[in-house]
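Examining the three-dimensional arrangement
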Amino acid sequence: GSMASYFGCTTVPAYTATKGAVAQLTKSVAVDCAGRGININCICPGYVLTPMQEAEYTQEMFDECNKGIPMQRHADPAEVAALYAFLASDEAKYITGQHIPLDGGETA
């Protein structure tokens, strides 16, 4: 998923619609699979510091994006990986059907 699962984005209506669909599909598949011990969840990252962003964003673009994030920064890819690892672990075996924002508080 992505943050577009939660709110509309200008200039990319098809992208936004598909991310909303992913969130609902997550819930449907989770209900279907829950009785078989299969957990289905959706991670919805906000801005993540990727090589593509580092190559294409100017400092001004980073600063503008970070203004809307309460933690005032992009996520590190390792933080996204840590959430995936947690959801795949036994500690998360009772979590299913959720779409989980990883957004530094942007949806708070």
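Scope of this entry: the structure provided in the associated data block.

Procedures and definitions
The residue numbering used here restarts from 1 in each chain and proceeds along that chain's sequence as written. Side-chain atom pairs in this predicted model are given and counted only at pLDDT of 80 or more, local residue features only at pLDDT of at least 70, and totals for whole chains, interfaces and linings cover all residues. Note that water and hydrogens are dropped before the side-chain values are worked out from all heavy atoms of the structure. Between buried and exposed lies partly exposed: a residue is buried under 20% and exposed over 50% of the maximum accessible area for its type, with that area taken using a 1.4 Å probe on protein chains only. Helical segments are the DSSP runs of H or I of at least four residues, strand segments are the runs of E of at least two, and each set is numbered from the N terminus. Comment: arc refers to directions from the helix axis out to C-beta atoms. Two residues form a contact once any of their heavy atoms are found within 4.5 Å. Nonpolar cores are built from buried Ala, Val, Leu, Ile, Met, Phe, Trp, Tyr and Cys residues. Side-chain atoms within 4.5 Å join them into one set.

1. Some words on helix α3 (residues 59-67)
- Restricting attention to buried positions, one finds in α3 the residues F62, C65 and N66. Angularly, the buried residues of α3 cover 95° about the axis, an arc narrow enough to put them on a single face. Along α3, the residues that are exposed and aim more than 90 degrees away from the buried face are E60, E64 and K67.
- Residues of α3 that are buried make contact with α2 (51-56).

2. Topic: the nonpolar core
- In this structure, I43, V48, A75, V80, L83, L87, A92 and L102 together form the largest nonpolar core, which totals eight residues.
- Counting residues per element, this core draws most heavily on helix α4 (residues 77-88), which supplies three residues.

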